[in-house]
Amino acid sequence: YGGMGLDFSYNIAVAEELGNIRCGGIPMAIGVQAGMATPALTRFGSHELKKQFLVPTIAGDFVACLGISEAGAGSDVANIKTTAVRKGDEYVINGGKMWITSGSQADWMCLLANTSEGPPHQNKSLICLPMNLPGIHIAKKIDKLGMRSSDTAQIFFEDVRVPCKNLIGEEGNGFTYQMLQFQEERLWGVASALTPMETIIQETIAYTRQRKVFGQPVLHNQTVHFRLAELATEVELLRSLLHRAVALYVEGNDVTKFASMAKLKAGRLIREVTDSCLQFWGGMGFTSEVLVSRIYRDFRLMSIGGGSDETMLSIICKYMDILPRK
């Protein structure tokens, strides 16, 4: 369908390299396109759906978005309220989605909606939804703390009609498809944070080496260079966990636990790295003129989006048999 047919480890190599872009928004948008809105379609979609949506998305002619989160259901995917009711050979969609990356410009959405009244883990389906249909209202582009180069939309659906043939895979399996997709999404997110952390540490070393306070470079204070050494060590440990998880995943293993651990650690570590380094930049770090302040804002999302820290901890606990699995 226009792709190279490579395994998932290449996605991670790309995600790490995209970290050289000096912001979080552009890599995130590419991540949504390549690893969040399209994997379920790639695995479970019909040939016709792949020709209609996947081919132009891979080619870069279509922008895709992922419609999961709602105002009352972020990390709690099972609690979404949007419905897609079958009427004849169409679904009629009502509800709304929140925090939709690329939602203001997307050509189509991979939409998760309730297609029956059954149990919350068995009543959801994924649907390819063209974004130019009547009844789709993009309410606003959300003003955010960070990731400001990425548009994030609130979207409402009012009696939107879409052909039933736009269903991805089997009806009622949408929650399962989405959970499978989350492994890749979270590993991509971890990979995208590694290079920015390395860059911030290196730029902080360079800045504190030339910035003098009380007659000596800031870097020559033991508390500064020891702290930077600690942070660099933590980044390498996270990289090792990521690469272990990716290797196991490529071999066909369930890496939900390791992906959740890596996502949790990445969200917390990039906050730690940016906060510690920003402090060493002093007043300059509090301006918008330096990268550390931008990464500080952009990657605060890592502990929230794609499953919050608290959600990751709950998943890890279940895999450790601390909590019952559902």
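All values derive from a computational prediction rather than experimental measurement.

The contact between helix H1 (residues 8-18) and helix H5 (residues 174-210) brings their axes to 6 Å, and the two run at 35 degrees. Crossing of H1 over H5 shows right-handed handedness. Here H1 contributes Phe8, Asn11, Ile12, Val14, Ala15, Glu16 and Leu18 to the contact with H5, which in turn contributes Glu184, Leu187, Trp188, Ala191, Ser192, Leu194 and Thr195. Its residues placed into classes, the contact of H1 with H5 shows nine nonpolar, three polar and two charged.

Attention shifts here to the packing of aromatic side chains. Per the stated rule, a full pass over the model turns up four aromatic pairs. Pairing phenylalanine 8 with tyrosine 249 gives two aromatic rings, centres 5.3 Å apart and planes at 75 degrees, and the pair type is edge-to-face. In this pair, phenylalanine 8 is assigned in helix H1 and tyrosine 249 in helix H6 (residues 222-250), connecting sequence segments 241 residues apart. The pair phenylalanine 8 / tyrosine 249 is uniform in exposure class, with both members buried.

This paragraph deals with the side chain of lysine 97. Assignment of secondary structure puts lysine 97 in strand E3 (residues 90-101). The buried category is assigned to lysine 97, whose relative accessible area is 1%. Looking at lysine 97, its side chain comes within polar contact range of the side chain of glutamate 70, at 2.9 Å. Of note is the side chain of lysine 97, whose polar atom sits 2.9 Å from the backbone oxygen of leucine 112.

So, on to the domain arrangement of the chain. A common way to express how large an interface is: the accessible area buried when the components associate. Taken domain by domain, the chain comprises domain 1 (37-171) and domain 2 (176-320). Domain 1 and domain 2 are separated by 30 Å when their C-alpha centres are compared. If you look at the interface, domain 1 gives 18 residues, while domain 2 gives 17 residues. Both sides together, the interface formed by domain 1 and domain 2 hides about 1,400 Å², and carbon and sulfur atoms give 60% of it. Of all residues in domain 1, the largest losses of buried area upon contact with domain 2 belong to Arg43, Ser75 and Met147, amounting jointly to 33% of the total for that side. The interface formed by domain 1 and domain 2 includes one salt bridge. Across the pair glutamate 184 and arginine 43 runs a salt bridge, and its minimum N-O distance is 2.4 Å.

Here we take up a nonpolar patch on the surface. On the surface, Tyr1, Val55 and Ile58 cluster together to form a nonpolar patch covering roughly 250 Å² of accessible area. Positionally, valine 55 belongs in helix H4 (residues 47-59). On the basis of relative accessibility, which here comes to 31%, the residue valine 55 falls in the partly exposed class.

Bringing the side chain of threonine 195 into the picture now. Tracing the chain through its elements places threonine 195 in helix H5. Among the polar contacts made by the side chain of threonine 195, one reaches the main-chain carbonyl oxygen of glutamate 16 at a distance of 2.6 Å.

All chains considered together, the criterion is met by zero disulfides. This cysteine, cysteine 65, is not joined by any disulfide, and cysteine 110 carries the nearest cysteine sulfur, 8.9 Å off. Of all cysteine sulfurs in the structure, the one in cysteine 128 sits closest to cysteine 164, which takes part in no disulfide; the separation is 13 Å. Take cysteine 164: its relative accessible area is 12%, and that puts it in the buried class.

Attention shifts here to the nonpolar core. Grouped together as the largest cluster of nonpolar side chains are 68 residues, with contacts concentrated most on Leu187, Met197 and Val273. Considering every element that reaches this core, the biggest residue donor is H5, with 14 residues. Lining this core are residues from two domains, each supplying at least three of them: domain 1 (37-171) and domain 2 (176-320). The contact partners of valine 273, leaving out residues within four places of it in the chain, are Met197, Ile200, Ile201, Leu231 and Val235. Formed by 20 residues, the second largest nonpolar core is a distinct cluster that contains Ala106, Met131, Phe157 and Cys164.

A few words on the UniProt feature "domain: Acyl-CoA dehydrogenase/oxidase C-terminal" (unreviewed entry) in the chain. Within this numbering scheme, the UniProt entry marks residues 172-318 as carrying the feature "domain: Acyl-CoA dehydrogenase/oxidase C-terminal" (unreviewed entry). The span residues 172-318 is 74% helical and 3% strand by assignment, and the distance between its end C-alpha atoms comes to 24 Å.

Residues given the UniProt feature "domain: Acyl-CoA dehydrogenase/oxidase N-terminal" (unreviewed entry) here are residues 1-61. The span residues 1-61 is 67% helical and 0% strand by assignment, and the distance between its end C-alpha atoms comes to 13 Å.

Each turn of an α-helix holds 3.6 residues, which means side chains three or four residues apart point in the same direction. For H4, built from 13 residues, the straight-helix expectation of 18 Å at 1.5 Å per residue is met to within 8% by its first-to-last C-alpha distance of 17 Å. Its axis deflected by about 35 degrees at phenylalanine 53, H4 carries its strongest bend there, up to four residues before the proline proline 56. Within the sequence span of H4, burial applies to Leu49, Lys50, Phe53, Leu54, Pro56 and Thr57. For H4, the secondary structure elements touched by its buried residues are helix H2 (25-35), helix H3 (39-44), strand E1 (64-67), strand E4 (108-114), strand E5 (124-130) and strand E8 (167-168).

About the thresholds
- Residues numbered from 1 in each chain as written.
- Predicted model: local features only at pLDDT ≥ 70, side-chain atom pairs only at ≥ 80, totals over all residues.
- Heavy atoms only, no water.
- Axes fitted to C-alpha atoms, helices over the stretch in contact; angles between N-to-C directions.
- Helix = DSSP H or I, 4+ residues; strand = E, 2+ residues; numbered from the N terminus.
- Left-handed = near helix turned anticlockwise from the far one by under 90°.
- Contact = heavy atoms within 4.5 Å.
- Nonpolar A, V, L, I, M, F, W, Y, C, P; charged D, E, K, R; others polar.
- Phe/Tyr/Trp six-rings, centres within 6.5 Å; stacked < 30°, edge-to-face > 60°.
- Buried < 20%, exposed > 50% of the residue type's maximum accessible area, 1.4 Å probe, protein only.
- Polar contact = N/O pair within 3.5 Å; in protein donor to acceptor, adjacent residues only side chain to side chain.
- Domains from an automatic or database assignment.
- Buried area = accessible area lost by both parts, 1.4 Å probe.
- Salt bridge = Lys/Arg side-chain N within 4 Å of Asp/Glu carboxyl O.
- Patch = residues over 30% accessible without salt bridge, like charges linked within 9 Å, V, L, I, M, F, W, Y side chains within 5 Å.
- Areas by Shrake-Rupley, 256 points an atom, 1.4 Å probe, with all protein chains shown as cover.
- Disulfide = S-S within 2.5 Å.
- Core = buried A, V, L, I, M, F, W, Y, C linked by side-chain atoms within 4.5 Å.
- UniProt positions renumbered as here; feature names shortened; annotations may be inferred.
- Expected span 1.5 Å × (residues − 1).
- Bend = angle between axes of the 7 residues up to and from the residue.

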